[in-house]
Amino acid sequence: MCDTCGCNITEANRHLLEKDGKLSQTPDGHTAIDVLHSLLHENDHQAAHNREHFDKHQVLAVNLMSSPGSGKTRLLEQTLEQLGKHFRMAVIEGDLETENDAQRIRAKGVPAIQITTGSACHLDAHMVHQAVHDLDLSQLDIVFIENVGNLVCPASFDLGHHVNITLLSVTEGDDKPSKYPVMFRAADVLLITKADLLQVLDDFDTAVAAKNFRQLAKANPVIALSAKTRDEGFQAWIQWLTETLSQHRLRIAEGEQVRPAIQQDGQRLHQHDGMSEHHHL
Amino acid sequence: MHELAVCQDIMQQVTQLAARHKAKSVSLIRLQIGPLSGIEAPLLETAFTIARAGSIAEYARLAIETLAVKVYCPECASESVVSADNLCCAQCGNWQTRLLQGDEMILRQVEMDMDDVPDPDISTSRH
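Residues numbered from 1 in each chain as written. Chains lettered and ligands numbered in written order. Predicted model: local features only at pLDDT ≥ 70, side-chain atom pairs only at ≥ 80, totals over all residues. Heavy atoms only, no water.

### Digging into the overall build of chain A
How we decide: Helix numbers and strand numbers start at the N terminus; a helix is a DSSP run of H or I with at least 4 residues, a strand a run of E with at least 2. Pairs of residues are marked as contacts when any of their non-hydrogen atoms sit within 4.5 Å. Each accessible area value is a Shrake-Rupley result obtained with a 1.4 Å probe; residue values ignore everything except the protein chains displayed when judging cover.
Along its length, chain A carries ten helices and ten strands. Of the contacts made within chain A by residues no fewer than 6 positions apart, 74% connect residues no fewer than 24 positions apart. By element, 50% of the accessible surface of chain A is carried by carbon and sulfur atoms, the whole surface being about 11700 Å².

Below, the structure is given as structure tokens:
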């Protein structure tokens, strides 16, 4: 339900919208209306629509978030290479400028749609919707959405994806989960990347990074990996992704809708949708 | 940095609401924001002065209620107020807590000025 097309008007609240319905007034003479919607209601509505597109074709949509330079594109290149024979994949690339990342993906023989956001620091559901229409979802198993490199803004926007991957490279510091709790709380899996550099770094402790992540009440997996060397951690990531895809297909077959860890208040609010707009009494 | 985008979404919702109720103008917009929503109230207020320009809410006031971060601990069955970067139970230290409050970004209420001619049905329904 939404407040765009009128589907939120039910028998229970219809009288409130009619001219002779009960409207309340504040002491200074204004009319007050309770809304109880997410501040990103328009975005969330579009995101739900995107998710329906993905679900219709049983496609798993994966959102990758991290700071710039933590290795999102590198992880994708290696993942596409390893899984290319097993799954049909495509990538939506979000960057402020350039087609560089999309070109790197296309070099692997995988379709890539580049979204250049200009000065916008995050992708939103409307941008992703446009990109989705340039992909033939009926021919795909997984769509990766590489968000704009930024540890703040992307966490607040539901794109219509199913899972969030948050990357933290070892050169960034193990205190990042504590510094950016909103971003790391959104993670369905935390990947500690560039682990091959750990042998030359004495100031990053994966155990400390994991502890800071757990302090955000996160029980989700933490995997330290090197996409460059395709180490054991990288294989664990591949296994996680493959299992997530099979579970996703089972859930879709059972008619369930899978949502990422973010936008929890949106989920809570959704339960109120039947009475989402009522006048203050 | 994304507060302007959030404001634009709010303005879309408010404009539609005002049109549906045939309001003359919007006077007040009440929001509830939790520290784990990723939205900074001062930045949102600044962005709002840009987003409201030329709209039906041009002279509207933004009232932001900031909510505390609260968790529930299933281990010791207690609720505690905690900081955004450490959601462990304040009583027993257990990290596997459930967030009760603190990630909200809610458009709570909108106050509008209706037509100049008072509707008798409206004026008699004050509580």
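### Thoughts on the sheet that holds strand 8 (residues 189-193) of chain A
Residue and element names in this part refer to chain A. The line we're drawing: One bridge is not enough; two strands pair if DSSP finds at least two bridges between them. Every axis in this analysis is a line fitted to C-alpha atoms, fitted for helices over the stretch in contact. Angles between the N-to-C directions lie between 0 and 180 degrees.
Strand order across the open sheet formed by seven strands is 5-4-6-3-7-8-9, with parallel pairing between neighbours. Two strands lie at the open edges of the sheet, namely strand 5 (112-116) and strand 9 (222-224), each paired on one side alone. The sheet shows a mean angle of 20 degrees between the axes of neighbouring strands, taken without regard to direction. Across five bridges, the pairing between strand 3 (residues 60-65) and strand 6 (residues 142-146) is parallel.

### Quick look at the confidence of the model for chain B
All names here are of chain B. Condition: The predictor attaches a confidence to each residue, called pLDDT, with possible values from 0 through 100.
On average, residues of chain B score 90 in pLDDT, and 90% of them are at 70 or above. Here residues 123-127 scores under 50 on pLDDT; set against residues more than four positions off or in separate chains, the count is five contacts. Per the prediction output, this complex has pTM 0.85; the corresponding ipTM is 0.83.

### Section: the pattern of salt bridges
Residue and element names in this part refer to chain A. Where we set the bar: Whenever a carboxyl oxygen of Asp or Glu lies within 4 Å of a side-chain nitrogen of Lys or Arg, that contact is scored as a salt bridge. For the exposure calls, accessible area comes from a 1.4 Å probe over protein chains only, and a residue counts as buried if that area is under 20% of its type's maximum, exposed if over 50%, partly exposed in between.
Within the structure shown, the criterion is met by twelve salt bridges over all chains. With a shortest N-O distance of 2.6 Å, D158 and R51 are connected by a salt bridge. Of the two residues, D158 is situated in the loop between strand 6 and strand 7 (163-169) and R51 in helix 2 (residues 41-56); the sequence distance between them amounts to 107 residues. A single burial state applies to D158 and to R51, both of which are buried. Between D141 and R88 there is a salt bridge whose closest N-O contact spans 3.3 Å. On the criterion of sequence distance, the pair formed by D141 in the loop between helix 5 (125-132) and strand 6 and R88 in the loop between helix 3 (72-83) and strand 4 (89-95) is long-range, its members being 53 residues apart. Overlapping salt bridges bring together R51, D158 and R259 as one network.

### Some details on the nonpolar core
This is how it is decided: By nonpolar core we mean a set of buried residues, namely Ala, Val, Leu, Ile, Met, Phe, Trp, Tyr and Cys, connected to one another through side-chain atoms within 4.5 Å.
A:L39 and B:I29 are the most contacted members of the largest nonpolar core, which totals 49 residues. In terms of residues, this core owes the most to one element, helix 1 (residues 3-20) of chain B, which gives seven residues. When residues no more than four places from it in sequence are discounted, the contact partners of B:I29 are B:I10, B:V14, B:F48, B:A57, B:A60, B:R61, B:L62, B:A63, B:L107 and B:Q109. Of all hydrophobic cores here, the second largest spans 30 residues; its members include A:L75, A:I105, A:V110 and A:W237.

### Remarks on the side chain of A:D34
Rules: A 3.5 Å cut-off defines polar contacts: any pair of N or O atoms within that distance qualifies, except that in protein one atom must be a possible hydrogen donor and the other a possible acceptor, and neighbouring residues in sequence count only when both atoms are side-chain atoms.
Locating A:D34 in the fold gives a position in strand 2 (residues 31-38). Within the structure, the side chain of A:D34 is placed 2.9 Å from the side chain of B:Q109, a separation counted as a polar contact.

### So, the sheet that holds strand 5 (residues 98-101) of chain B
Strand pairing in a sheet relies on backbone hydrogen bonds. The paired strands run either parallel or antiparallel. Residues and elements named next belong to chain B. Pairing is antiparallel in the open sheet, where three strands are placed in the order 4-3-5. The open sheet has two edge strands with one neighbour each: strand 4 (78-82) and strand 5. Ignoring which end each strand starts from, the neighbouring axes of this sheet average 35 degrees apart.

### Looking at the pairing of strand 6 (residues 105-113) of chain B
Successive residues of a regular strand alternate their side chains across the two faces of the sheet. With seven of nine residues buried, strand 6 of chain B is to be regarded as a mostly interior element. Pairing of strand 2 of chain A with strand 6 of chain B, which is carried by six bridges, proceeds in the antiparallel orientation. Opposite A:A32, over in strand 6 of chain B, you have B:E111 as the bridge partner. Looking at chain direction, strand 1 (residues 25-33) of chain B and strand 6 of chain B are connected through eight bridges and run antiparallel. Each bridged residue has a counterpart across the sheet, and for B:Q32 the counterpart in strand 6 of chain B is B:I106.

### Some thoughts on the environment of B:H2
Relative to the helices and strands, B:H2 resides in the segment before helix 1. The residues contacting B:H2, other than those within four sequence positions of it, are A:C121, A:H122, A:V152, A:C153, A:S156, A:F157, B:G38 and B:I39. For B:H2, the side chain forms a polar contact with the side chain of A:S156, separated by 3.4 Å.

### Thoughts on the pairing of strand 5 of chain A
Residues and elements named next belong to chain A. This is how it is decided: Crossover handedness is defined here as right-handed if the route from the first strand over the helix to the second strand goes clockwise, with the strands pointing away from the viewer.
For strand 5, a buried count of four out of five residues is recorded, marking the element as mostly surrounded by other parts of the structure. As paired strands, strand 4 and strand 5 are joined by five bridges and run parallel to one another. Residue I92 lies in a different strand from strand 5, and its bridge partner there is I113. Where the polypeptide runs from strand 4 across helix 4 (residues 100-106) and back to strand 5, its parallel neighbour, the crossover connection is right-handed.

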